[in-house]
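Given next are the chains, with one letter for each unit.
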Amino acid sequence: MQENVTAAPLLDIRGLKTHFATDDGMVRAVDGVDIAIGRGETVGVVGESGCGKTVTAMSVLKLIAMPPGRIVEGQILWQGRDLVPLAGDEMDRVRAKEIAMVFQEPMTSLNPVYTVGEQIAEVIRRHESVSRRAAMDRAVQMLRLVQISNPERRVHDYPHQFSGGMRQRVMIAMALSCDPQLLIADEPTTALDVTIQAQILELLQEMKSRFGMAIMLITHAMGVVAETAQRVVVMYAGKVIEEAPVARLFANPRHPYTQGLIRSIPRIDTGDGPKTRLEAIPGTVPSLLTPPPGCRFAPRCRYAMAICREAPPPLREVEAGHRVACVLG
Amino acid sequence: MAGSIPASASAETSAEIATAARGATRPFSPWLDAWRRFRRHRLAVASLVILAVMIAAILLAPLLWRVAINDIDFSAHLQGPSWPHPFGTDDLGQDVLARMLYGGRISLAVGLCAMVVALVVGTMIGAVAGMSRGWVGPALMWLTDLFLSLPQLPLLLLVIYLFRDTLKAIFGVEGGVFILIVVVIGGLRWMPVARLVRAQFLSLREKEFVEAARALGASKLRQVVRHILPNALGPVIVAGTIDVAAAIIAESTLSFLGLGFPPDVPTWGRILYDAKDYLDIAPYWAIFPGAAIFLTVLSINFIGDGLRDALDPRGVT
Amino acid sequence: MNANAIATAEPLLRVTGLTKNFVIGGGLLARAPDVVHAVDNVSFAIWRGETLGLVGESGSGKSTTGRCVLRLIEPTAGKILFENSDVVQLNSDALRALRRDIQIIFQDPFASLNPRMTVGAIIGEALTIHKLARKRREFTERVVELLEIVGLQSDHMRRYPHEFSGGQRQRIGIARALAVEPKLIVCDEPVSALDVSIQAQVINLLEDLQQKFGLAYLFIAHDLSVVQHISRRVAVMYLGRIVEIASAHDLYASPKHPYTEALLSAVPVTDPEARRQRIVLQGEVPSPMHPPTGCHFHTRCPIRKLPLCSSEIPQLKETSNGHMVACHLRS
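Residues numbered from 1 in each chain as written. Chains lettered and ligands numbered in written order. Predicted model: local features only at pLDDT ≥ 70, side-chain atom pairs only at ≥ 80, totals over all residues.

Chemist: Please explain the overall build of chain A as it appears in this structure.
Modeler: Regarding its fold elements, chain A presents 12 helices and 12 strands. For 329 residues, the compact-globule estimate of 2.2 N^0.38 gives 20 Å, and the C-alpha radius of gyration of chain A, at 21 Å, lies within 12% of that figure. The principal-axis extent of the C-alpha atoms belonging to chain A is close to 65 × 55 × 45 Å. Looking at chain A as a whole, 53% of its 329 residues are labelled buried. Taking the intrachain contacts of chain A between residues at least 6 apart in sequence as the baseline, contacts between residues at least 24 apart amount to 65%. (Helix = DSSP H or I, 4+ residues; strand = E, 2+ residues; numbered from the N terminus. Rg over C-alpha atoms; globule rule 2.2 N^0.38 Å. Buried ≥ 20, exposed ≤ 12 C-beta atoms within 10 Å, placed from the backbone. Contact = placed C-beta atoms within 7 Å.)

Chemist: Can you walk me through the overall build of chain C in this structure?
Modeler: A count of helical and extended segments in chain C gives 11 helices and 12 strands. For 331 residues, the compact-globule formula gives about 20 Å, and the C-alpha radius of gyration of chain C, at 21 Å, lands near that figure. For chain C, the spread of C-alpha atoms along the principal axes amounts to about 70 × 60 × 45 Å. Expressed as a percentage of the 331 residues in chain C, the buried residues total 50%. Counting contacts in chain C only where the partners sit at least 6 residues apart, residues at least 24 apart contribute 65% of the total.

Chemist: Please clarify how the interface of chain B and chain C should be interpreted in this entry.
Modeler: Reports often express the size of an interface as the amount of accessible area lost when the parts come together. In this complex, chain B contributes 20 residues to the contact, which on the side of chain C involves 25 residues. Among the elements of the structure, helix H9 (208–216) and helix H10 (220–256) of chain B are those that each provide at least two residues to the side of chain B that touches chain C. Looking at side-chain class alone, the side of chain B that touches chain C contains 11 nonpolar, five polar and four charged residues. (Nonpolar A, V, L, I, M, F, W, Y, C, P; charged D, E, K, R; others polar.)

Chemist: In this structure, what is going on with helix H8 (residues 194–211) of chain A? I would like to understand it.
Modeler: An α-helix turns once per 3.6 residues; consequently, residues spaced three or four apart project the same way. Between its first and last C-alpha atoms H8 of chain A spans 25 Å; for 18 residues at 1.5 Å apiece the expected length is 26 Å, and the two agree. Every buried residue of H8 of chain A is accounted for by Thr195, Ile196, Gln197, Ala198, Gln199, Ile200, Leu201, Leu203 and Leu204 of chain A. Taken together, the buried residues of H8 of chain A touch helix H7 (164–176), strand E8 (214–219) and helix H9 (222–228) of chain A together with helix H10 (258–266) of chain C. Count one or two residues on from H8 of chain A and you reach glycine 212 of chain A, which has phi positive near 70 degrees. (Expected span 1.5 Å × (residues − 1).)

Chemist: I tried to follow the interface of chain A and chain C on my own but got confused; where do I start?
Modeler: Listed per partner, the contact involves 38 residues of chain A and 33 residues of chain C. Among the elements of the structure, H7, H8, H9, helix H10 (246–251) and helix H11 (256–263) of chain A are those that each provide at least two residues to the side of chain A that touches chain C. The greatest single-element share of the side of chain A that touches chain C, amounting to six residues, is contributed by H8 of chain A. Its residues assigned to classes, the side of chain A that touches chain C shows 18 nonpolar, 12 polar and eight charged.

Chemist: Got a minute to help me understand the sheet that holds strand E2 (residues 25–37) of chain A in this structure?
Modeler: Remark on secondary structure: sheet strands pair via backbone hydrogen bonds, oriented parallel or antiparallel. Residue and element names in this part refer to chain A. Here four strands make up an open sheet; going across it, the order is E2-E1-E4-E5 and the pairing antiparallel. Two strands in the sheet have a free side with no partner beyond their single neighbour: E2 and strand E5 (81–82). Pairing between strand E1 (residues 11–22) and E2: nine bridges, direction antiparallel. Considered in E2, the bridge of phenylalanine 20 is made with valine 27. (Pairing = 2+ DSSP bridges.)

Chemist: Is there a simple way to explain the pairing of strand E3 (residues 51–55) of chain C in this structure?
Modeler: On a regular strand, one side chain projects to one face of the sheet and the next to the other, so that they alternate. Residue and element names in this part refer to chain C. The element E3 is extensively covered by neighbouring structure, given that five of its five residues are classed as buried. Burial along E3 is two-sided: Thr51, Gly53 and Val55 facing one way and Leu52 and Leu54 facing the other are all buried. Where E3 meets strand E8 (residues 216–221), five bridges bridge the pair, whose relative direction is parallel. Following the sheet pairing, threonine 51 is matched in E8 by tyrosine 217.

Chemist: What am I meant to see in the packing of H7 of chain A against H8 of chain A here?
Modeler: Relative placement of two packed helices is described by the angle separating their axes and the distance separating the axes. Residues and elements named next belong to chain A. Between H7 and H8, whose axes approach to 10 Å, the crossing angle comes to 15 degrees. Judged by the angle between their axes, H7 and H8 are roughly parallel. The handedness of the crossing between H7 and H8 is right-handed. The segment H7 lies against H8, with Gly164, Gly165, Gln168, Arg169, Ile172 and Leu176 engaging Ile196, Gln199, Ile200, Leu203, Met207 and Phe211. Of the residues belonging to the contact of H7 with H8, the class tally is seven nonpolar, four polar and one charged. (Axes fitted to C-alpha atoms, helices over the stretch in contact; angles between N-to-C directions. Parallel < 35°, antiparallel > 145°, perpendicular 65-115°, else oblique. Left-handed = near helix turned anticlockwise from the far one by under 90°.)

Chemist: Teacher, can you tell me more about the sheet that holds strand E12 (residues 323–325) of chain C here?
Modeler: Residue and element names in this part refer to chain C. Across the sheet, which stays open at both edges, the eight strands sit in the order E6-E7-E8-E3-E9-E10-E12-E11 with mixed pairing between neighbours. The open sheet has two edge strands with one neighbour each: strand E6 (102–105) and strand E11 (317–320). Averaged over all neighbouring strand pairs, the angle between strand axes comes to 20 degrees, with direction disregarded. Looking at chain direction, strand E9 (residues 233–238) and strand E10 (residues 241–247) are connected through six bridges and run antiparallel. Within the sheet, the bridge partner assigned to alanine 235 lies in E10 and is isoleucine 245. Packed on one face of the sheet, H10 meets E9 and E10 and runs near 100 degrees to E9.

Chemist: Sorry, what's going on with the packing of helix H4 (residues 96–131) of chain B against helix H11 (residues 268–275) of chain B here?
Modeler: Residues and elements named next belong to chain B. Contact geometry for H4 and H11: axes closest at 8 Å, N-to-C directions at 130 degrees. Comparing their axes, H11 and H4 come out oblique. Between H4, through Arg99, Met100, Gly103, Gly104 and Ser107, and H11, the contact on the second element is made entirely by Trp268, Arg270 and Ile271. Residues belonging to the contact of H4 with H11 are distributed by class as follows: three nonpolar, three polar and two charged.

This is the structure we're talking about:
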């Protein structure tokens, strides 16, 4: 499974199932997901809306509202210890100190009535017994680290005084302030302009080389994953359908969904030939209330056979480090 | 903060999941959706039932309870509740239940009509203020604030004193007073509605679907009537229910003060006025109409609560 | 693909010197109001049946430009010639008639449809406004026709928007725009809010419709790959000004403006092996309320030469066939 990490994985999600009770029934948002992240590894979790990638990430940190959500089955092993049965305050000690998270919308994740420095300092003081003075100094250091100019002055500013890209830097500073071993980044650049996105991705790489933490990068943008991840996990309708080292995934995608996804992205084409038509995957994502009985992608798959509709195909290893959930794989 | 729970992120995810999962399972309109949400409020549904029963009783009264309301019978005066007179009799021997059923019609009619007046006036003013971009909006709001700072009860009394006789002459005794009271009560309750409607309009007119209507060539009137109003109605309906309750109380107060309908019209407030001098001998005479007012207003308020949650626009999108 | 070949015919839309300023604040007791120069002297043209892409990041003014073309927003200055009549000067009746020629598709599939109207009513509203369908039956037939053109089914007419997915809602929005048989459609980020696989479906649909009905598009987006795919020519905007216009091929193969270069290099590619020299711009986009003097881009420009770049506004000049750049150093 982890060919290049001989030690036990840092985070080992096994058979995770997170379901939501709604008016219309039980929504099986995450339905049997295995993801492992090794020390210092960057894993990209890719999928479109409704695939369950965000719910998976939030389940790791137990940020799902329960009710209506519930972790029905599975284990989330953090350095060998299962997080699922952990109680509130024990979980608090894991959050930020060991696993930190950065969200997509920094404006809604930052409290608008506290200064940025106060918020970073609060995180620090929750996990380490340092004085307010010392925590504020650390906050200034963190802001400098994420390349916010004039950090001594900016530390007293409120979130609305920062632009989108700067707020994301603040979020990253906050996340890294307690030196976590894993950073979960949920669509960290989706709401940002392309040039700012480039800055933030570069910042993440720098922080990674400085702190050596592992990163779980959740996104729907294949390009972002291609550039930053070492390994890629592709999710569809609540399940993992393909997993491979990044180069191999893009060179040779095995699952029809992954293939369709890569082919439907318009490529910047500087050649002189005629423009090719985008290959679109027909249909839409299935309902998570009543998912199809067999392979969840079968209704949209051009290669679907009778056997595909009977039972969901298991994740099999087709070559070293490359697993696919498809009978054709 | 990274270390604490971002309620918005997880709540949003849950909401997104519910919406995404619904897909196209079965077709239903936003109003049906609202009804489903309303049904979940047990208190609101119970109140709706109670109110429905009361209204049915009041409307069907002359068919079911054939006791005259002004059958003066001194031999039966000030009797407690008994089979022939379930709510007892008053000092003139008149049946309290019959009088309440009759008076209830007036009280509710006043409540509903006053609410309609308040809603119509308030919506029109609020709509014009909300749609205007120049000085008209602030001017109307200044007018609204002016009305809000007028002392309601003294004004009520003054207007009644000034106009009661004129209206009685034109519309007859009952009609004249009815119109007066409805206009006066409704006319002093339109301000919160205007403010609410203006706030709704200010936010709705910037919405993309309104812009889309404009792009299609829709006139301003069409934008307001077809697009903005239907989406603004939620909070307005809720305010409306509160208005009915307040109007009933206002009418009762007026009657209690002897300034409402003429003495022989048994509105609930009037019955209270008559009963106030006999509280120690015949408490039931005041308790029943008092309880009726209380129950009606309480039910309406609970219904309003249920409606507020049911019509929350965020739930529709 | 040659921009010149089309240039011989008269353009469908010619925008000259379009400017839009927003005034913020002010009032009786406030200090002097702030002015946001959202669109600053923008000029371009679109020919019949072609797509002009308009790219830029937030604050570039591209959405405002699109809305000004329709006069959904009143321009502060400039001329917008549509088939030889100036949109800016039209009275309200003529403006309403114009709505049959220029339409718009919005970005947010959730906010652009009235949640309390049925899909049939939404799509057919234009028919009612412009009296294009006299009888009930004509109305229904036309709505069904439109639904099928965009790939939806006739029984969707009676449903409400919240019952549909984002991609389907966007199709409803497209059907709504098509109801009047327009000549030009302003597409304001029509696929940005959609999933990648749905994006491809909607882009293909837009291309098919263009082929079928000879539509012209002003395609506004921030996603460069999408824009290059669908456009014949592309204009790049920065802080309210157009900094470069060229055919899609030329712009991406040999960008001339340093901002365009940075923009292109910032786009993540789905090729992990590609080791590119990425140009990472320093700093943030300046506020449109206080734009830099001279060339707006000079504060972040890797090749700037002061004091020229901070004092003089560069004008759009043609460098090669139809390729125009606004840069002192590159034109």
